[in-house]
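# Coordinates in review
Okay, here's what each chain looks like letter by letter:
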Amino acid sequence: MTIPLKNIAYELIKEHGSLTDSELSKALVKAGFAIAEDRFNKLLLDLEILGLVKVSWLTKDQKRIEVITEKEEEDEVNAQNREMMERDYEAGFPGANEV
């Protein structure tokens, strides 16, 4: 069984708290995962989309990668809006609750 590269990269970032893109790339190579720059950037994008890391630019050629550790608290209005949208969505399927 092989561990997905996303998991390995996330664990490396989590272990350090934050890294630059070059530090993460070197850590992956040291762990035996040499990947092309475009695949590396896709990996960072995937981790950011999943809400696991935050990537920001330090300089023109260097990115900072940080682990997202805390979830933002949802305010009451957003919670009510989300619940209403879920109810409206479920109401769009009449008879689904009868099963």
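Here we summarise the structure given alongside this text.

Rules behind the numbers
- Residues numbered from 1 in each chain as written.
- Predicted model: local features only at pLDDT ≥ 70, side-chain atom pairs only at ≥ 80, totals over all residues.
- Heavy atoms only, no water.
- Pairing = 2+ DSSP bridges.
- Helix = DSSP H or I, 4+ residues; strand = E, 2+ residues; numbered from the N terminus.
- Axes fitted to C-alpha atoms, helices over the stretch in contact; angles between N-to-C directions.
- Contact = heavy atoms within 4.5 Å.
- Salt bridge = Lys/Arg side-chain N within 4 Å of Asp/Glu carboxyl O.
- Buried < 20%, exposed > 50% of the residue type's maximum accessible area, 1.4 Å probe, protein only.
- Lys, Arg positive; Asp, Glu negative; His and termini not counted.
- Polar contact = N/O pair within 3.5 Å; in protein donor to acceptor, adjacent residues only side chain to side chain.
- Core = buried A, V, L, I, M, F, W, Y, C linked by side-chain atoms within 4.5 Å.

Turning to the sheet that holds strand S2 (residues 53–59), a few remarks are in order. Read from one edge of the open sheet, three strands run S1-S3-S2, paired in antiparallel fashion. Pairing within the sheet leaves two strands with one partner each, and these edge strands are strand S1 (18–20) and S2. Between one strand axis and the next, the sheet turns by 20° as a mean value, whatever way the strands run. Relative to strand S3 (residues 62–67), S1 is paired through three bridges, and the arrangement is antiparallel. Its bridge partner being in S3, Thr20 is matched across the sheet by Arg64. Contacts from helix H2 (residues 21–30) reach S1 and S3 within the one sheet, and its direction differs from that of S1 by about 95°.

It is possible for side chains of opposite charge to pair when their charged atoms get near one another. Scanning the entire structure with this criterion turns up six salt bridges. Here Glu11 ties to Lys14 by a salt bridge, and the two come within 3.8 Å at their closest N and O atoms. Of this pair, Glu11 and Lys14 both sit in helix H1 (residues 5–16), three residues apart, which is roughly one turn of the helix. Here Arg87 makes a salt bridge to Glu83, at a shortest N to O gap of 3.6 Å. Of this pair, Arg87 and Glu83 are both found in helix H4 (residues 76–91), four residues apart, which corresponds to roughly one turn of the helix. Relative accessible area serves as the criterion here: at 36%, Glu83 is assigned to the partly exposed category. Here the residues in one salt-bridge network are Lys6, Lys42 and Asp46, joined through shared partners.

With that settled, consider the side chain of Lys63. For Lys63, the position within the fold is in strand S3. Buried within the structure, Lys63 lacks any salt-bridge partner; Asp21 is the closest side chain of opposite charge, at an N-O distance of 4.6 Å. Among the polar contacts listed, one links the side chain of Lys63 to the side chain of Asn41, at a separation of 2.8 Å. Sequence-distant contacts of Lys63, that is, excluding residues within four places in its chain, are made with Leu19, Thr20, Asp21, Asn41, Leu44, Val55, Ser56, Trp57 and Leu58.

Moving on to the nonpolar core. Counting 18 residues, the largest nonpolar core has Ile13, Leu24, Leu28, Leu47, Val53 and Ile65 as its most contacted members. Looking at this core, the elements that each hand over two or more residues are H1, H2, helix H3 (37–49), S2 and S3. Looking at this core element by element, the count peaks at six residues for H1. Discounting residues that sit within four places of it in the chain, Ile65 has contacts with Ile13, Gly17, Ser18, Leu19, Thr20, Asp21, Leu24, Leu44, Val53, Lys54 and Val55.

Distances and angles like these do not, on their own, reveal function.
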